[in-house]
Amino acid sequence: MISLFDLFKIGIGPSSSHTVGPMRAARRFIAHLDPAMPVARLRVTLYGSLAWTASGHATDKAVILGLAGETPESVDPDAADDIVRTIGTDRTVLVHGRPVAFDPAHDIVLDRDTIPPVHPNTMQFQALSADGTVLDTARFCSVGGGFIVPEDATKQAGYAQPDMKLDFTSGIELLDRTRESGLSIAGIVLANEASLRPHAEITAYLDRIIDTMMACVERGLVQHGTLPGRIKVRRRAAALHERLQERARLNQRPPHEAMDWVSLFAIAVNEENAAGGRVVTAPTNGAAGVIPAVLRYYRDFCPDASRQGMHDFLLTAAAVGGLFKLNASISGAEVGCQGEVGVASSMAAAGLAAALGATPLQIENAAEIGMEHHLGMTCDPVAGLVQIPCIERNAFGAVKAINAASLAMHGDGAHHVSLDQVIRTMAETGRDMNHRYKETALGGLAVNFPEC
């Protein structure tokens, strides 16, 4: 089981695999350097997808922040640019309290030619002596959702948990656990989490995730201006919010009103993500708007919504996201956007169905529907930015999730394609997908959209 504490992480935008992961890796490298080692200079090499979209996904900025000791959870988004600017000017970072040479303009190397042997999101950190001798090297893969693993470790390295009698590694095993125990899917996840930490800590973390998501929505609703990057995308959420409020004041309520609000919530979050704001990886930053939008829909539009329902939503979503992470991927660089927005939509569909009282079979069906209709979705960010088509994709992913939950709850849970089968299909589709359509900005809209 992959813990919800790992699956839902609080960090900053614009990308979990290209920003959060590299920041964590850089900080880990610094923390594990031997203080007695005569380090005179640091060098970082980014490979594959990390190199192709380094600036647009703020990977260079994330590496600098990580080397400076910052973490995605605690760094102040408003102070991050000043930290990066200072290091760029001083050309040094502090390593165990002493200054070490690091010039981001020269010491962050973008290697777009070398094909990494394990994962397209690979980075290398080196500590050098005064004469240029390599004293220490560490290579990490950023495998999606902010997860990082050493390149020489297996993909599941670091996920080992204590034995749990309710553990599961597939959708069918999850359904078996619900039948054997009489617990809901949310109850299964809660019981497993409770074997790792006190119940009060789990509840507090769920509340923290909910509050962070809702705060991100609220901030996104009032921000104006232009998003970072050379294509100068203007924020739309605030103006759209004002129009929806005015329509409500005039009592102009079209039948699709709820969907307009859902789209707004998702856009608000992903504009915050694109601006480098505080978001929750759910399960990634590029797809960070889907679950908050559907959770906000549940809170604001479902008559019997409750805080417990929101907890059940996230616990159930974590079960589904963990299965995708374990048996396929949530990395756009590995399987395309189906692994980001598609997985988020599947998680949100399951979570909403659970919060609305669906059976485990209906929940599993909702999750399957949510992914089935995202299969094959590419990741082709224009200008390497998490903006076009990413922001609107979150709105559509949220709407699809609500539709998937509704369709599943109109049935009895019986369906032809299982969640396990669609997860396996997603993984196979990702392997077959041309590398240009997997977070490189080398294909699709990224090359057919005129930037100027």
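Residues numbered from 1 in each chain as written. Predicted model: local features only at pLDDT ≥ 70, side-chain atom pairs only at ≥ 80, totals over all residues. Heavy atoms only, no water.

A. Quick look at the overall build of the chain. Counting secondary structure elements, the chain contains 19 helices and nine strands. For the chain, the C-alpha radius of gyration of 22 Å lies close to 22 Å, the compact-globule estimate for 452 residues. Viewed in the frame of its principal axes, the chain has a C-alpha envelope of about 70 × 55 × 45 Å. Looking at the chain as a whole, 58% of its 452 residues qualify as buried. In the chain, the proportion of contacts linking residues at least 24 apart, taken out of those at least 6 apart, comes to 76%. Approximately 17,800 Å² of the chain is accessible, and the part contributed by carbon and sulfur atoms is 52%. With 39 positive and 50 negative side-chain charges, the chain shows a separation of 4 Å between the mean positions of the two kinds. (Helix = DSSP H or I, 4+ residues; strand = E, 2+ residues; numbered from the N terminus. Rg over C-alpha atoms; globule rule 2.2 N^0.38 Å. Buried < 20%, exposed > 50% of the residue type's maximum accessible area, 1.4 Å probe, protein only. Contact = heavy atoms within 4.5 Å. Areas by Shrake-Rupley, 256 points an atom, 1.4 Å probe, with all protein chains shown as cover. Lys, Arg positive; Asp, Glu negative; His and termini not counted. Charge placed at Lys NZ, Arg CZ, Asp CG, Glu CD.)

B. Examining the layout of surface pockets more closely. If you add up the space inside the largest pocket, you get close to 800 Å³. Lining the largest pocket are 40 residues, with Ala58, Lys61, Pro228, Ala274 and Ala275 sitting closest to its centre. Of all elements in the fold, only helix H3 (48–52), helix H4 (59–67), helix H5 (77–90), helix H9 (199–222) and helix H11 (257–274) reach the threshold of two or more residues within the lining of the largest pocket. Its residues assigned to classes, the lining of the largest pocket shows 18 nonpolar, 12 polar and 10 charged. Inspection of the lining of the largest pocket shows a minimum of three residues originating in each of domain 1 (18–142) and domain 2 (171–437). (1 Å grid on protein atoms, 1.4 Å probe; cavity = no way out; pocket = protein on both sides within 12 Å on 5 of 7 lines; lining within 4 Å. Points joined across faces, edges and corners; volume = space filled by probe spheres on them. Nonpolar A, V, L, I, M, F, W, Y, C, P; charged D, E, K, R; others polar. Domains from an automatic or database assignment.)

C. Structural detail: the pairing of strand E2 (residues 41–47). Within E2, five of the seven residues are buried, which leaves the element mostly enclosed by the surrounding structure. Summarising the sheet, E2 and strand E6 (residues 122–128) pair through six bridges and their orientation is antiparallel. Bridge assignment links Arg41 to a residue of E6, and that residue is Leu128. (Pairing = 2+ DSSP bridges.)

D. Representation of the confidence of the model for the chain within the structure. In this model, the chain carries an average pLDDT of 95, and 97% of its residues clear a pLDDT of 70 or more. Residue range residues 155–159 is modelled with pLDDT below 50. Its contacts to residues more than four positions away, or to other chains, number 11 contacts. (pLDDT = per-residue confidence, 0-100.)

E. Local environment of the domain arrangement of the chain. Entries for the chain in the domain assignment read domain 1 (18–142) and domain 2 (171–437). With centres defined by C-alpha atoms, the gap from domain 1 to domain 2 works out at 31 Å. Tallying the contact residues gives 15 residues for domain 1 and 13 residues for domain 2. Taken together, both faces of the contact between domain 1 and domain 2 bury some 890 Å²; the carbon and sulfur share is 54%. Summed over the shared surface of domain 1 and domain 2, the number is zero salt bridges. Across the contact surface, domain 1 and domain 2 share five residue pairs in polar contact (both at pLDDT 80 or more). (Buried area = accessible area lost by both parts, 1.4 Å probe. Salt bridge = Lys/Arg side-chain N within 4 Å of Asp/Glu carboxyl O. Polar contact = N/O pair within 3.5 Å; in protein donor to acceptor, adjacent residues only side chain to side chain.)

F. Layout of empty space enclosed by the protein. Taken as a whole and judged by the stated rule, the model has four cavities of 30 Å³ or more. If you add up the space inside the largest cavity, you get close to 150 Å³. Taken together, 18 residues form the lining of the largest cavity, with Gly286, Glu340, Cys379, Val386 and Cys390 sitting closest to its centre. Within the residue set of the lining of the largest cavity, elements represented by two or more residues are helix H2 (16–32) and helix H17 (390–409). The residue makeup of the lining of the largest cavity, split by class, is eight nonpolar, six polar and four charged. Volume-wise, the second largest cavity comes out at about 70 Å³. Surrounding the second largest cavity, Met1, Ile2, Phe168, Val189, Ala318, Ala319, Gly322, Leu323 and Leu326 form its lining. For the lining of the second largest cavity, the class distribution of residues is eight nonpolar, one polar and no charged.

G. Local environment of the side chain of Thr281. Tracing the backbone shows Thr281 in strand E9 (residues 278–281). Assessed through its relative accessible area of 1%, Thr281 is described here as buried. Apart from the residues lying within four places of it in its own chain, the contact partners of Thr281 are Leu7, Phe8, Lys9, Ser16 and Gly145.

H. Representation of the UniProt feature "domain: Serine dehydratase beta chain" (unreviewed entry) in the chain in the model. Look at the UniProt record and you will see "domain: Serine dehydratase beta chain" (unreviewed entry) annotated at residues 3–152. The span residues 3–152 is 35% helix and 28% strand, and its two end C-alpha atoms sit 23 Å from each other. (UniProt positions renumbered as here; feature names shortened; annotations may be inferred.)

I. Up close: the environment of Leu183. Considering the arrangement of structural elements, one finds Leu183 in the loop between helix H7 (171–181) and helix H8 (185–194). Residue Leu183 is classed as partly exposed on the basis of its relative accessible area, which comes to 35%. Residues contacting Leu183, with those up to four places away along its chain left out, are Leu166, Thr178 and Ile188.

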